[in-house]
Amino acid sequence: MFEKSTWIKLPRNVLVGHGVLAELGAAVESLHLQGDPLVVTSPTPNRLAGDAVRSQFGDPTTVTVEEASFASIERVTEIARAEDVGYLIALGGGKPIDIAKMAADEIGRGFVSVPTAASHDGIVSGRSSVPEGDSRHSIAADPPLAVVADTEIIAQAPWELTTAGCADIISNYTAVQDWRLANRLKNVEYSEYAGALSEMTAEMLVDNAASIKPGLEESAWIVVKALVSSGVAMSIAGSSRPASGAEHLFSHQLDRIAPNKALHGHQVGVGTILTEYLHSGNDGQWRAIREALERIDAPTTAAELGVTDDEVIEALTTAHEIRDRYTILGNGVKLEAAYETATATGVIERQ
Ligand SMILES: [Zn+2]
């Protein structure tokens, strides 16, 4: 008897390109939402685009968040409840979007994502990552109802945010390999469609690496479209598997061991070099991945991340402990093997 079923949650309106911020009001109107919005933002995006957003909604209440924390989520949730808002508009980079996503989930309302930087795939996906104590919590929520990504604004964001977004997409290569491995070894459900979409997204980005340059609005276009496509792959899979494998566990562990040293995307980029080596050894694709990261200006070594060699080794040998997600890390990478992996790939220097 056939008993399979699936529920795919996708953003309904996705606007990407030059000047699309002016169409935010129209994009929201076509969602037929009730009530007023609450704008959730942080200081810089608010200065850049806050007025352009508010003017399209009759000057709604704005809450400015400074850090991604559960306290911030609580504050946004309280204000949203007190004002009985109909939905949230998240304006900014990762932080306001993660916070609005979780607050919206908490109050049972939708949210609209208006990214001002293309630094990671959370701008489109239903995944949130918020630090708590010395760890990060990755939480499943609904994806945004709409995404309005104005490339004119995103092109002005600090360049390293864009290269971090690129590296986050390149990590799809190893994420999908980990997913297939978990399917073969642990019977984790695998979606051919989501896996292929995720890999194709990474490939297209690498093929276009030559057009990804600072100050070029086209770069923002390429990266945002890739982030949207990665987000769609996660929506189809109903999990972050298509875009998050061992390289993400490595990054989450670095967040604990060496907090706030490097951007999420940059950490997972280096993690992708390491875990590709673990998957396929010296003859594998790790050189191609490292070259792609170098071409877009993303870090490929511990020193470029601003972390020590020991911190990389510690993260690699303990990353499997983080969560119940089967990857190439299996039940742990031995110290000698981690050292060999990190030195062979040039992530750390041989002593
Ligand atoms: Zn990521």
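Residues numbered from 1 in each chain as written. Predicted model: local features only at pLDDT ≥ 70, side-chain atom pairs only at ≥ 80, totals over all residues. Heavy atoms only, no water.

A. Highlighting the pattern of salt bridges. A complete count under the given rule lists seven salt bridges for this structure. Linking aspartate 84 and arginine 109 is a salt bridge whose minimum nitrogen-to-oxygen distance equals 3.6 Å. Linking aspartate 84 in the loop between helix H3 (70–82) and strand S4 (87–92) with arginine 109 in the loop between helix H4 (94–107) and strand S5 (110–115), this pair joins segments that are 25 residues apart in sequence. Here aspartate 84 falls in the exposed class, since its relative accessible area comes to 56%. Judged by its relative accessible area of 37%, arginine 109 falls in the partly exposed class. Note that glutamate 294 is salt-bridged to arginine 290, the shortest N-O span being 4.0 Å. A residue pair is termed a helical-turn pair when its members lie 3 or 4 positions apart in one helix, as glutamate 294 and arginine 290 do in helix H12 (residues 286–295) at four residues. Classification of arginine 290 by relative accessible area gives partly exposed; the value is 25%. (Salt bridge = Lys/Arg side-chain N within 4 Å of Asp/Glu carboxyl O. Helix = DSSP H or I, 4+ residues; strand = E, 2+ residues; numbered from the N terminus. Buried < 20%, exposed > 50% of the residue type's maximum accessible area, 1.4 Å probe, protein only.)

B. Local environment of the packing of helix H10 (residues 246–257) against helix H14 (residues 309–318). Relative to each other, H10 and H14 sit at 125°, their axes nearing to 9 Å. As summarised for this structure, H10 and H14 are arranged oblique, according to the angle between their axes. Read as a crossing pair, H10 and H14 show a hand that is right-handed. Of the residues in H14, those in contact with Phe250, Gln253, Leu254 and Ile257 of H10 are Glu311, Val312, Glu314, Ala315, Leu316 and Thr318. Here the residues of the contact of H10 with H14 sort into six nonpolar, two polar and two charged. (Axes fitted to C-alpha atoms, helices over the stretch in contact; angles between N-to-C directions. Parallel < 35°, antiparallel > 145°, perpendicular 65-115°, else oblique. Left-handed = near helix turned anticlockwise from the far one by under 90°. Contact = heavy atoms within 4.5 Å. Nonpolar A, V, L, I, M, F, W, Y, C, P; charged D, E, K, R; others polar.)

C. The arrangement of a negative patch on the surface in detail. A cluster of like negative charges, contributed by Glu74, Glu78, Asp105 and Glu106, occupies part of the molecular surface. Of all the secondary-structure elements, those providing two or more residues to the negative patch are H3 and H4. Within the secondary structure, glutamate 74 is located in helix H3. (Patch = residues over 30% accessible without salt bridge, like charges linked within 9 Å, V, L, I, M, F, W, Y side chains within 5 Å. Areas by Shrake-Rupley, 256 points an atom, 1.4 Å probe, with all protein chains shown as cover. Lys, Arg positive; Asp, Glu negative; His and termini not counted. Charge placed at Lys NZ, Arg CZ, Asp CG, Glu CD.)

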